[in-house]
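Per-entry structural report
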Amino acid sequence: DEPLSPWIILCTFFLALFLAFCKRRAEIDLLGDGRGGHRKILLDYTQGFLDQITVVLAACTVITYAMWTVKAEEGQDQMVYTVPFVVFGLFRYLLLVQTQKGGGSPTRVLLGGDPTFVANCLAYVLAVFVIAKDLLPG
């Protein structure tokens, strides 16, 4: 019955944009100089611009996620302990995008493309379960 937090809505928005621009970066990496023949709009983007915008969007995602965790109801703010997992996950994903051309398929990265990323995601889920268990009455 709780209303959805504006912070988590903003976080989701920034994360979606982050992933979209990472995919655009992967398209440019894949297609190279011939990218205009695939889609003309790709000529408007440079790797430098996409790298900058993804860093800004990653920062916005982290900030809004952190605000969501600290603006929780009184006594329910333990989710703040998950922020390091989110920060590491976003930065690891950026590393994969910029150095290993891993931004084309976020699903592939999540489902085992990078063991470090997967381990971080599993640690995040475990932390959420431990925190949620502590929040349950009784």
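The following refers to the structure shown. (Residues numbered from 1 in each chain as written. Predicted model: local features only at pLDDT ≥ 70, side-chain atom pairs only at ≥ 80, totals over all residues. Heavy atoms only, no water.)

1. Structural notes on the packing of aromatic side chains
Inspection of the entire model under this criterion finds 7 aromatic pairs. Of the aromatic side chains, those joined through ring pairs into one cluster are F18, Y93 and F117. (Phe/Tyr/Trp six-rings, centres within 6.5 Å; stacked < 30°, edge-to-face > 60°.)

2. Let's talk about the pattern of salt bridges
For the coordinates displayed, the defined rule picks out 3 salt bridges. For R24, the salt bridge goes to E27, with nearest N and O atoms at 3.1 Å. Of this pair, R24 and E27 both sit in helix α1 (residues 6-31), 3 residues apart, roughly one helical turn. The partner of R92 in a salt bridge is D114, with the nearest N and O atoms 2.8 Å apart. Of this pair, R92 sits in helix α4 (residues 83-100) while D114 sits in the loop between α5 (106-113) and α6 (115-135); the two residues are 22 residues apart in sequence, bridging distant segments of the chain. For the pair R92 and D114, a shared accessibility class is recorded, and that class is buried. (Salt bridge = Lys/Arg side-chain N within 4 Å of Asp/Glu carboxyl O. Helix = DSSP H or I, 4+ residues; strand = E, 2+ residues; numbered from the N terminus. Buried < 20%, exposed > 50% of the residue type's maximum accessible area, 1.4 Å probe, protein only.)

3. Let's talk about the nonpolar core
The tendency in soluble globular proteins is for nonpolar side chains to be buried side by side. Core analysis: the largest hydrophobic core is formed by 25 residues, its most contacted members being F18, Y65 and Y93. Contributions of two or more residues to this core are made by α1, α3 (47-70), α4 and α6. (Core = buried A, V, L, I, M, F, W, Y, C linked by side-chain atoms within 4.5 Å.)

4. Observations regarding α1
Over its 26 residues, α1 runs 38 Å from end to end, which matches the ideal 38 Å to within 8%, given 1.5 Å per residue. Within the sequence span of α1, burial applies to I8, C11, F14, F18, F21, C22, R24, R25, A26, I28 and D29. Contacts from the buried residues of α1 go to α2 (35-38), α3 and α4. At the N-terminal boundary of α1, the capping side chain belongs to S5, with an oxygen 3.1 Å from the backbone nitrogen of W7. Two residues or fewer past α1, G32 is found with a positive phi of approximately 60°. (Expected span 1.5 Å × (residues − 1). Contact = heavy atoms within 4.5 Å. Polar contact = N/O pair within 3.5 Å; in protein donor to acceptor, adjacent residues only side chain to side chain.)

5. Some remarks on the side chain of R25
Within the secondary structure, R25 sits in helix α1. For R25, a relative accessible area of 6% gives the class buried. Aside from chain neighbours lying at most four places away, what touches R25 is Q47, L50, D51, V97 and Q98.

6. Brief notes about the packing of α1 against α4
Direction vectors running N to C along α1 and α4 enclose 15°, while the axes themselves pass 10 Å from each other. Between α1 and α4, the angle falls in the class roughly parallel. In terms of crossing hand, the pair formed by α1 and α4 is left-handed. Residues L15, F18, L19, C22, R25 and D29 of α1 form the contact with α4, whose own contacting residues are L90, Y93, L94, V97 and Q98. Here the residues of the contact of α1 with α4 sort into 8 nonpolar, 1 polar and 2 charged. (Axes fitted to C-alpha atoms, helices over the stretch in contact; angles between N-to-C directions. Parallel < 35°, antiparallel > 145°, perpendicular 65-115°, else oblique. Left-handed = near helix turned anticlockwise from the far one by under 90°. Nonpolar A, V, L, I, M, F, W, Y, C, P; charged D, E, K, R; others polar.)

7. Observations regarding α3
The end-to-end C-alpha distance of α3 is 35 Å, a good match for the 34 Å that 24 residues give at a rise of 1.5 Å each. Where α3 is concerned, the buried positions are L50, D51, T54, L57, A58, T61, V62, T64, Y65 and T69.

8. A short note on the side chain of D114
By relative accessible area, which is 7% here, D114 ends up buried. Of the polar contacts made by the side chain of D114, one reaches the side chain of R92; its length is 2.8 Å. Within polar-contact distance, the side chain of D114 engages the backbone nitrogen of F117 at 2.9 Å. In this structure, D114 is in contact with R92, L96 and V109, ignoring residues within four places of it in sequence.

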